[in-house]
Amino acid sequence: KKEDWLAEYTEKFDIVIDDGFISDVHNGTTMYRPYQYDYFKMFDMYSKHNKLKLYQPYFKPKNRLSDYAILNSTGPVGIKYYANKTFSQSICYADSYKDKDITCVFAIIDIGKNTKLTLDEFFENKDGVKLYNITYIVRDNAELKLLRKHDYTNKDNACNVIDSKFIQFPGSKVTTEIYGEGSKHTQDNMDFDIYNDCDTNVIGSFNLFKNYTNNMTVNINHLSPNSSSIVDVRTIGDDDSHSSFIGKININKQAENTEAHLENKNLMVSNKATMITEPQL
């Protein structure tokens, strides 16, 4: 049922995504079928000529919970941003169906060459489990600024597992900023495949309290020369909260002239809080 959320989300977001569902907000109304613009195009499993098969090489089993987001999703949804554009958009990963089962989202974000995109993401909590598998393809000389915010409400019964894969073509730049307060269980996994002459920045800021949990992993793969990456994640833990961070940087032998920086700082303001950090270089 969609009458519960239409009025609320059409005023705040450009695109709404749920399990197998993607819509755009156009003139104050929500279109349930993909709508064509001059700077981006959306597709779902019902779209003709969506060329989903071209994206299949980017998906391989990870032996993580996000594999179920592909296996159990109603179908993939995606957005193709055309080349040589500059603009910003907002996306809400919503609980549009108001169901009680596991929500599985399988999404593709494809950013064209030389395009500069600012993308605001909002992940809504639900009473239950939400699994995400999102792939961001940042093509040659494109720039992506990703602002990710987790829902601050309805956290007591919410479980979120978000698996993000970033593929950076030569000359591209990605900056991600993530903010949240955790939930009953929050897991944010970010994998980067970085080719030559790229810049990558990952900034995380979390404020945990009560018995909320937030786990984050960042896996940086430098595959080609002359690229740089910065990972800086900081967390405050209060009450009975639980936080963990695993940061890993892999530099291939051929990835000469690579500059990489990994930093994780945690502030415990309660004797009952648990904070785990594991850097891997």
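Structure: above.
(A) Broad picture of the overall build of the protein chain. The helix and strand inventory of the protein chain stands at two helices and 19 strands. Since a compact globule built from 281 residues should have a radius of gyration of about 19 Å, the 19 Å found for the protein chain is in line with a globular shape. Here the protein chain holds 281 residues, and the buried ones make up 52% of them. Contacts spanning at least 24 positions in sequence make up 83% of the contacts within the protein chain whose residues lie at least 6 apart. Element-wise, carbon and sulfur atoms account for 49% of the exposed surface of the protein chain, whose accessible area totals about 13,000 Å². Distance from the positive charge centre (33 side chains) to the negative charge centre (39 side chains) of the protein chain: 4 Å.

(B) Quick peek at the sheet that holds strand β5 (residues 77-81). Pairing is mixed in the open sheet, where nine strands are placed in the order β4-β5-β7-β9-β11-β13-β15-β17-β19. The outermost strands of the open sheet, each flanked by one partner alone, are β4 (40-43) and β19 (274-280). The mean angle between the axes of side-by-side strands here comes to 10 degrees, regardless of whether they run parallel or antiparallel.

(C) Region of the structure containing the pairing of strand β17 (residues 242-251). Both strand β15 (residues 213-222) and β17 contribute to a ladder of 10 bridges, which runs parallel. Of the residues in β17, the one forming a bridge with N215 is S244. Looking at chain direction, β17 and β19 are connected through seven bridges and run parallel. Of the residues in β19, the one forming a bridge with H242 is T274.

(D) Fine view of the pattern of salt bridges. Here the structure, examined in full by the defined rule, presents 14 salt bridges. A salt bridge links D193 to K165; the nearest nitrogen and oxygen atoms lie 2.9 Å apart. Residue D193 is found in strand β13 (residues 185-194), and its partner K165 is found in strand β11 (residues 158-168); the two are separated by 28 residues along the sequence. Residue D193 is classed as buried on the basis of its relative accessible area, which comes to 16%. For K165, a relative accessible area of 16% corresponds to the buried category. Close ionic contact of R234 with E263 constitutes a salt bridge, the shortest N to O distance being 3.6 Å. Taken as a pair, R234 in strand β16 (residues 228-237) and E263 in strand β18 (residues 259-268) lie far apart in primary sequence, 29 residues in all. You can call R234 partly exposed: its relative accessible area is 38%. If you follow the salt bridges from partner to partner, you end up with K62, R64, D163 and D191 in one network.

(E) Broad picture of the nonpolar core. Counting 43 residues, the largest nonpolar core has Y81, Y93, I109 and L144 as the members making the most contacts within it. When sequence neighbours within four positions are dropped, the list of residues in contact with I109 reads I79, Y81, I91, Y93, L119, I134, T135, Y136 and I137. Counting residues in each nonpolar core, the second largest holds seven residues, with L52, I137, I167 and F169 among its members.

(F) Seen up close, the environment of T200. The residue T200 is located in strand β14 (residues 199-208) in this model. On the basis of relative accessible area, T200 is assigned to the buried category, the value being 1%. Between the C-alpha atom of T200 and that of N271, which follows or precedes it by 71 residues, the distance is 35 Å. What T200 contacts, discounting residues up to four positions off in sequence, is Q168, V174, F192, I194, I220, S228, S229 and I230. Within the local environment of T200, its side chain forms a polar contact with the side chain of Q168, the two groups lying 2.5 Å apart.

Quick notes on the rules
- Residues numbered from 1 in each chain as written.
- Predicted model: local features only at pLDDT ≥ 70, side-chain atom pairs only at ≥ 80, totals over all residues.
- Heavy atoms only, no water.
- Helix = DSSP H or I, 4+ residues; strand = E, 2+ residues; numbered from the N terminus.
- Rg over C-alpha atoms; globule rule 2.2 N^0.38 Å.
- Buried < 20%, exposed > 50% of the residue type's maximum accessible area, 1.4 Å probe, protein only.
- Contact = heavy atoms within 4.5 Å.
- Areas by Shrake-Rupley, 256 points an atom, 1.4 Å probe, with all protein chains shown as cover.
- Lys, Arg positive; Asp, Glu negative; His and termini not counted.
- Charge placed at Lys NZ, Arg CZ, Asp CG, Glu CD.
- Pairing = 2+ DSSP bridges.
- Axes fitted to C-alpha atoms, helices over the stretch in contact; angles between N-to-C directions.
- Salt bridge = Lys/Arg side-chain N within 4 Å of Asp/Glu carboxyl O.
- Core = buried A, V, L, I, M, F, W, Y, C linked by side-chain atoms within 4.5 Å.
- Polar contact = N/O pair within 3.5 Å; in protein donor to acceptor, adjacent residues only side chain to side chain.

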